[in-house]
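Spelled out, the chains give:
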Amino acid sequence: IGSPPWRPVIVVVAVLGLAAPLLERVLALPVLAVVAVALQLVPGLPLAIRRGTLIGSGHMWGAGSNFALEAVCRFGLGLAFGATWGSTGVAWALLTAIVIALVASKVRIRVSSPREPEPASLDSVVTPFAGTVASIGLMMLLVGIDLIVAPGALDAVSADRYALAAVPAKGVYGALFAVGLILIPTARRGRSRSLKAIAATMAAGIVGAGVLVLVRPLIPIVFGRTEPDPLLLGIVGVAMAAAAGTSACVHVAVARGFTAPWPPLLIATGAIVIVAVAAGTPLAFGVGVLAAQSVAFAASLA
C-alpha cells in the first residue's frame, strides 16, 4: 500500500486544532468536538488508501462491506456517545467508527487474494493528492456539520427536535455511501454509465427517505425518544439522499482525474453553518440543509 504523504494532513489537523477555541466562541462548537473532526483525517487517509487497494484489486465487496461496517458503527456509537456526551460524543463516535473500519480493512486486505484490476480507459489520469484529500475530508464534514452546529445555533429544545429527525436520516446516506467507491471502475470506463449510476443513487436515496418517514413509529423503539416530526424527517432524509449523490459524483470526479472536485462541498458546508446561525426553527434549519445539499449535488453533477 505504501506510506501516505502525511505533511498536508498534519497541517490541516494542526490548523483546525488551533482554530478550535475560536470556533467555540463564534459557533458555540465544543473544542473537543472540533478536535475530533480534525483527527478524522488521520485514520481517514490510510483508510481511503486501503479501500482504494481493495477496489484496484477487484474486491468491490470488500470495499462495500467496509463502508457498511463504518456506517453501522457511526450509527450505533453515535447513539451511545451522543446520549452521554452530546455533540462532542457524536464527533468522537465518528472518529471511532473510522478507526474500526481502518482496522477491519487491514484484516480484509491480508485475507484476500488480489485479482487483476479491470482494464481502464483513463489509467494515466489521476486527481492530485491535495484535491483528493480535500474532497474526501470535506465530504465527511458536509454530511455531519448540521448535527455539530445545531446545538450552538438553535435553542436546546429546537436542537433536540432537529437531532431527533437528523440522526436516523443519516442512515439514508450511510446506506448509499459505498456506491461512490463501487462506481470508480465504471467512471473510468465511460461518462454515460456514471451519470446513470449517480441518478440511480439519488433516486434510491429519495425512496429511502420516503420509507424512513413511513416507518417513523419504529424510531422511538430504537432511540427511546418521542417520534420525530414526519415533515422534518422527510426533508433531512432527502438532504442525505442528495449528499449520497454528491459523494458518488465526487468519487467519479476523482476517478476521471478532475483537478478540484471539492469547491461545491466547501460552499455547501459554509452555507449550512450560515443557515444554522440564521434559522430560528428546526424546520427552517432542515430546509436550509436540504437547499445546501441540493446545490452541492447539482454543482458536483455539473
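Here the structure is a predicted model, which is why all the values come from computation and not from measurement. (Residues numbered from 1 in each chain as written. Predicted model: local features only at pLDDT ≥ 70, side-chain atom pairs only at ≥ 80, totals over all residues. Heavy atoms only, no water.)

## Observations regarding the overall build of the protein
And step 1. When its secondary structure is counted, the protein shows twelve helices and zero strands.
And step 2. Across the protein, helices and strands are ordered from the amino to the carboxyl terminus as α-α-α-α-α-α-α-α-α-α-α-α.
And step 3. By residue count, 47% of the 302 residues in the protein fall in the buried class.
And step 4. For the protein, the proportion of contacts with a sequence separation of at least 24, taken over those separated by at least 6, is 79%.
And step 5. Counting only carbon and sulfur atoms, one obtains 72% of the accessible surface of the protein, whose full area is about 13800 Å². (Helix = DSSP H or I, 4+ residues; strand = E, 2+ residues; numbered from the N terminus. Buried < 20%, exposed > 50% of the residue type's maximum accessible area, 1.4 Å probe, protein only. Contact = heavy atoms within 4.5 Å. Areas by Shrake-Rupley, 256 points an atom, 1.4 Å probe, with all protein chains shown as cover.)

## Brief notes about helix H11 (residues 263-278)
Every α-helix carries 3.6 residues per turn, so stepping three or four residues along brings you back to the same face.
And step 1. Compared with an ideal rise of 1.5 Å per residue, which puts 16 residues at 22 Å, H11 spans 23 Å between its outermost C-alpha atoms and is within 8% of the ideal.
And step 2. The complete set of buried residues in H11 reads Pro-264, Leu-265, Ala-268, Thr-269, Ile-272, Val-273 and Ala-276. (Expected span 1.5 Å × (residues − 1).)

## Here's the deal with the packing of aromatic side chains
And step 1. Tallied over the full model, the rule gives one aromatic pair.
And step 2. A centroid spacing of 4.7 Å and a plane angle of 45° characterise the contact between Tyr-162 and Phe-285, whose relative ring orientation is tilted. Separated by 123 residues along the polypeptide, Tyr-162 in helix H6 (residues 156-176) and Phe-285 in helix H12 (residues 282-301) bring together distant segments of the chain. Each member of the pair Tyr-162 and Phe-285 is classed as buried. (Phe/Tyr/Trp six-rings, centres within 6.5 Å; stacked < 30°, edge-to-face > 60°.)

## Notes on the environment of Leu-77
And step 1. Inspection of the secondary structure puts Leu-77 in helix H4 (residues 60-111).
And step 2. We classify Leu-77 as partly exposed; its relative accessible area is 21%.
And step 3. A C-alpha to C-alpha distance of 7.7 Å links Leu-77 and Val-90, two positions 13 residues apart in sequence.

## Thoughts on the pattern of salt bridges
Close approach of charged atoms lets side chains of opposite charge pair.
And step 1. In the structure shown here, the tally under the stated rule is two salt bridges.
And step 2. Among the salt bridges present, the one from Lys-170 reaches Asp-146, with a minimum N-O distance of 2.7 Å. Linking Lys-170 in helix H6 with Asp-146 in helix H5 (residues 129-153), this pair joins segments that are 24 residues apart in sequence.
And step 3. With a shortest N-O distance of 3.0 Å, Arg-216 and Glu-227 are connected by a salt bridge. In this pair, Arg-216 is assigned in the loop between helix H8 (191-214) and helix H9 (219-223) and Glu-227 in the loop between H9 and helix H10 (230-255), connecting sequence segments eleven residues apart.
And step 4. Look at Glu-227 and you get partly exposed, because its relative accessible area is 39%. (Salt bridge = Lys/Arg side-chain N within 4 Å of Asp/Glu carboxyl O.)

## Concerning the nonpolar core
And step 1. Tyr-162, Tyr-173, Met-240 and Phe-285 are the most contacted members of the largest nonpolar core, which totals 56 residues.
And step 2. Every element with two or more residues in this core is listed here: helix H2 (31-39), H4, H5, H6, H8, H10, H11 and H12.
And step 3. By residue number, the principal contributor to this core is H10, which donates 13 residues.
And step 4. Apart from the residues within four sequence positions on either side, Tyr-162 is in contact with Asp-146, Leu-147, Ala-150, Leu-154, Leu-232, Val-236, Pro-282, Phe-285, Gly-286 and Val-289. (Core = buried A, V, L, I, M, F, W, Y, C linked by side-chain atoms within 4.5 Å.)

## Things to note about the packing of H10 against H12
And step 1. Between H10 and H12, the shortest axis-to-axis distance is 8 Å and the interhelical angle comes to 20°. Judged by the angle between their axes, H10 and H12 are roughly parallel. Judged by the sense of rotation from one axis to the other, the crossing of H10 with H12 is left-handed. Taken together, the residues of H12 that come into contact with H10 (itself represented by Leu-231, Leu-232, Ile-235, Val-236, Val-238, Ala-239, Met-240, Ala-242, Ala-243, Gly-245, Thr-246 and Cys-249) are Pro-282, Leu-283, Gly-286, Val-287, Val-289, Leu-290, Gln-293, Ser-294, Ala-296, Phe-297, Ser-300 and Leu-301.
And step 2. When its residues are assigned to classes, the contact of H10 with H12 shows 18 nonpolar, six polar and no charged. (Axes fitted to C-alpha atoms, helices over the stretch in contact; angles between N-to-C directions. Parallel < 35°, antiparallel > 145°, perpendicular 65-115°, else oblique. Left-handed = near helix turned anticlockwise from the far one by under 90°. Nonpolar A, V, L, I, M, F, W, Y, C, P; charged D, E, K, R; others polar.)

## Some details on the packing of H8 against H10
And step 1. Between H8 and H10, the shortest axis-to-axis distance is 8 Å and the interhelical angle comes to 160°. By the angle between their directions, the pair H8 and H10 is classed as roughly antiparallel. The way H8 lies across H10 gives a crossing that is right-handed. Judged by residue contacts, Ser-194, Ile-198, Thr-201, Met-202, Gly-205, Ile-206, Ala-209, Leu-212 and Val-213 of H8 engage Pro-230, Leu-233, Gly-234, Gly-237, Val-238, Ala-241, Ala-242, Ala-244, Gly-245, Ala-248, Cys-249 and Val-252 from H10.

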